[in-house]
Amino acid sequence: MSGKVGFVSLGCPKALVDSEQILSRLRAQGYETVPTYQEADVVVVNTCGFITPAVEESLSAIGEALAENGKVIVTGCLGARPELIQQAHPQVLEVTGPGEVDRVLAAVQRVIPLDQNPFTALLPPQVKLTPRHYAYLKIAEGCNHKCSFCIIPKLRGPQKSRDAADILFEAARLVATGSKELLIIAQDTSAYGVDIRHRTSEYAGRPVRAHLVDLANELAGLGAWLRLHYVYPYPHVRELIPLMAEGKLLPYLDVPLQHASPRILRAMRRPGGAESHLKTLQEWRSVAPDLAIRSSFIVGFPGETEEDFALLLDFIAEAKLDRVGCFTYSEVEGAEANALPGAVPQEVKEERRERLMALQQQISLEKNQARLGQTLEVIVDEYGELPGQVVGRSKYDAPGIDGLVYVETDGTVKIGEIIRVRITQAEAYDLHGEMVGRVAWKPGVPPVGNIATETLRV
Ligand code: SF4
């Protein structure tokens, strides 16, 4: 965890908005707001200087914070008269004026330097590249597998999972600051917690196990869309599917299967084959018929024969996956697979990729056509080129990799809203539709100690 900040907010609604902005920025930088002076590493007092009683109240609040904690940063309207504050309380660390959010942040950072730990400092605002309404939530780093085409375990080391509470606090912060969709990622998301023996950590006064099922159940309480990426096809993934059927997780699984020929999968050091993949998919779909499955495949792996590839094409035809990515094998320096015999010429790799994608395009079109007339919830990512048009994604589509939904609206829809859309047109990858309603956004209640409002004295 990064540092803990206590916050006292005085004054009018404009000062309150300043407080909200400061608190949002502090949270986005990984600081935690705490409800008592004793827990805080530093206290920020947002003051009022409008009338004499307000000045007196502000000076008194600063005095109280100094007596109780000792490290105090003052901001707000009274901050415009620093001499008054310094005369009464020379120990204050810094005085800034109203709306000087950056100066307050800089002052806090001087007292509690930003956390450099990559796990606990995942989302400083300078590097958050996603829009406000969705965010990636990294639950572990590294990987314990030894897929022969991959050097990630060499680069990033074995899997290191974060404690469940750490992840949940970050998720609560993200939702509190506007994220409506959390994309859960790791090198191998389904192995989350194995390396720390699924140890428990305390969140909201109760122990939570570092296990994907427990974590998903807790995250569901935040009310955001939860999307799972990079799920290695372990047998225990079946435990997650009922959560999708219950609506706790989005009915979406990104499971990189890589191939369907058991011989190639063995050479890749990956599990399964066409038969077991199909059995698993059938099992998942029997529990959550709505499930959208995304997968990626490598063609032209060393030793891949036309028979191996035909097996993969048969699998694609039968599996009817919702989304498919296909890559031609390329040598990564240091990967064991480079030493395998039977290198496939580049033009053969390309040709196999094109055949696979042509087949999948047809499947994808049929799947999209089945959506005609349905009403889907769509999260709005951006404005379209036509008047009133917005572009978003349904629950079955992840940002950046899956299809889009182009929606005609009445022109009042904002980015980040979730709307209801009747589908009127289907293409191989994208859908078109018209807005028929809005979905009220009801975020869950973050736990005590993690939200700013608990520390506000307004
Ligand atoms: S491909 Fe994925 S699961 Fe396999 S070693 Fe690389 S990171 Fe791990």
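Residues numbered from 1 in each chain as written. Predicted model: local features only at pLDDT ≥ 70, side-chain atom pairs only at ≥ 80, totals over all residues.

1. Digging into the overall build of the protein chain
Part 1 of the reasoning: Along the protein chain, the regular secondary structure elements total 12 helices and 20 strands.
Part 2 of the reasoning: Evaluated residue by residue, the protein chain yields a buried proportion of 41% over its 458 residues.
Part 3 of the reasoning: Considering only contacts within the protein chain whose residues lie at least 6 apart along the sequence, 70% involve residues at least 24 apart. (Helix = DSSP H or I, 4+ residues; strand = E, 2+ residues; numbered from the N terminus. Buried ≥ 20, exposed ≤ 12 C-beta atoms within 10 Å, placed from the backbone. Contact = placed C-beta atoms within 7 Å.)

2. Side note on the nonpolar core
Part 1 of the reasoning: Of all hydrophobic cores here, the largest spans 71 residues; its most connected members are Leu137, Leu168, Ala171, Leu182 and Tyr192.
Part 2 of the reasoning: With 10 residues, helix H6 (residues 164-176) is the largest single contributor of residues to this core.
Part 3 of the reasoning: Residue contacts for Ala171: discarding those within four places in its chain leaves Leu137, Leu182, Leu219 and Leu222.
Part 4 of the reasoning: Leu23, Tyr31, Cys77 and Leu78 belong to the second-largest nonpolar core, a separate cluster that totals 29 residues. (Core = buried A, V, L, I, M, F, W, Y, C linked by C-beta atoms within 7 Å.)

3. Examining helix H10 (residues 274-287)
Part 1 of the reasoning: With 14 residues, H10 extends 20 Å from end C-alpha to end C-alpha; this agrees with the ideal 20 Å at 1.5 Å per step.
Part 2 of the reasoning: Ala274, His277, Thr280, Leu281 and Trp284 are the residues of H10 that are buried. Axial view of H10: buried residues confined to an arc of 130 degrees, hence all on one face. Exposed and facing more than 90 degrees away from the buried side of H10 are Glu275, Lys279, Gln282 and Ser286. (Expected span 1.5 Å × (residues − 1). Arc of directions from axis to C-beta.)

4. Here's the deal with the site of the ligand
Part 1 of the reasoning: Around the ligand lies a shell formed by Cys143, His145, Cys147, Cys150, Ile152, Pro153, Gln187, Asp188 and Tyr232.
Part 2 of the reasoning: Looking at side-chain class alone, the shell around the ligand contains 6 nonpolar, 2 polar and 1 charged residues. (Near = placed C-beta within 6 Å. Nonpolar A, V, L, I, M, F, W, Y, C, P; charged D, E, K, R; others polar.)

5. A closer look at the pairing of strand E16 (residues 375-383)
Part 1 of the reasoning: Here 5 bridges tie E16 to strand E19 (residues 418-426), and the two strands are oriented antiparallel to one another. Within E19, the position partnered with Ile379 by the bridge is Ile418.
Part 2 of the reasoning: Of the strand pairs in this sheet, E16 and strand E17 (residues 389-394) are connected by 5 bridges, and their pairing is antiparallel. Paired with Tyr383 across the strands is Val390, a residue of E17.
Part 3 of the reasoning: Counted along the chain from E16 to the antiparallel partner E17, the turn is 5 residues long, and its residue Gly388 has a positive phi close to 80 degrees. (Pairing = 2+ DSSP bridges.)

6. Topic: the pairing of E17
Two faces make up the sheet, and in a regular strand the side chains alternate between them.
Part 1 of the reasoning: In terms of strand pairing, E17 meets strand E18 (residues 405-408) through 4 bridges, oriented antiparallel. Bridge pairing in E18 places Gln389 opposite Glu408.

7. Structural notes on the environment of Ala343
Part 1 of the reasoning: Relative to the elements of secondary structure, Ala343 occurs in the loop between strand E15 (323-328) and helix H12 (346-369).
Part 2 of the reasoning: Assessed through the 15 C-beta atoms surrounding it within 10 Å, Ala343 is described here as partly exposed.
Part 3 of the reasoning: Counting along the chain gives 11 residues from Ala343 to Val332, while the straight-line C-alpha distance between them is 14 Å.

8. Concerning the environment of Val407
Part 1 of the reasoning: Structurally, Val407 is set in strand E18.
Part 2 of the reasoning: For the pair formed by Val407 and Arg420, sequence separation is 13 residues and the distance between their alpha carbons is 9.8 Å.
Part 3 of the reasoning: Once you skip the residues sitting within four places of it in the chain, Val407 turns out to touch Val378, Gln389, Val390, Gly392, Ile419, Val421, Gly433, Glu434 and Met435.

9. Comments concerning the sheet that holds strand E5 (residues 94-95)
Part 1 of the reasoning: Across the sheet, which stays open at both edges, the 5 strands sit in the order E2-E1-E3-E4-E5 with parallel pairing between neighbours. Where the open sheet ends on each side, the last strands, each with one partner, are strand E2 (32-33) and E5.
Part 2 of the reasoning: Examined bridge by bridge, strand E1 (residues 4-9) and E2 share 2 bridges and lie parallel to one another. Across the sheet, Lys4 pairs through a bridge with Glu32, a residue of E2.

10. Describing the domain arrangement of the protein chain
Part 1 of the reasoning: Split by domain assignment, the protein chain resolves into domain 1 (4-115), domain 2 (125-369) and domain 3 (375-438).
Part 2 of the reasoning: Averaged C-alpha coordinates put domain 2 and domain 3 at centres separated by 25 Å.
Part 3 of the reasoning: Domain 2 puts 24 residues into the contact, and the matching count from domain 3 is 16 residues.
Part 4 of the reasoning: Breaking the side of domain 2 that touches domain 3 down by element, the ones donating at least two residues are strand E9 (181-185), strand E12 (225-228), strand E13 (252-254), strand E14 (292-299), E15 and H12.
Part 5 of the reasoning: It is H12 that contributes the most residues to the side of domain 2 that touches domain 3, 5 residues altogether.
Part 6 of the reasoning: The residue makeup of the side of domain 2 that touches domain 3, split by class, is 9 nonpolar, 7 polar and 8 charged. (Domains from an automatic or database assignment.)

11. A look at the sheet that holds E19
Part 1 of the reasoning: Spatially, the 5 strands close up into a barrel ordered E16-E17-E18-E20-E19, and their pairing is mixed. The mean inter-strand angle of the sheet, taken between neighbouring strand axes irrespective of direction, is 55 degrees. (Axes fitted to C-alpha atoms, helices over the stretch in contact; angles between N-to-C directions.)

12. A word on H6
Part 1 of the reasoning: Helix length check: H6 (13 residues) gives 18 Å between terminal C-alpha atoms against 18 Å at 1.5 Å per residue, within 8%.
Part 2 of the reasoning: With 12 of 13 residues buried, H6 lies mostly within the body of the structure.
Part 3 of the reasoning: Every buried residue of H6 is listed here: Ala164, Ala165, Ile167, Leu168, Phe169, Glu170, Ala171, Ala172, Arg173, Leu174, Val175 and Ala176.
Part 4 of the reasoning: A positive phi of about 115 degrees marks Gly178, the residue just after H6.

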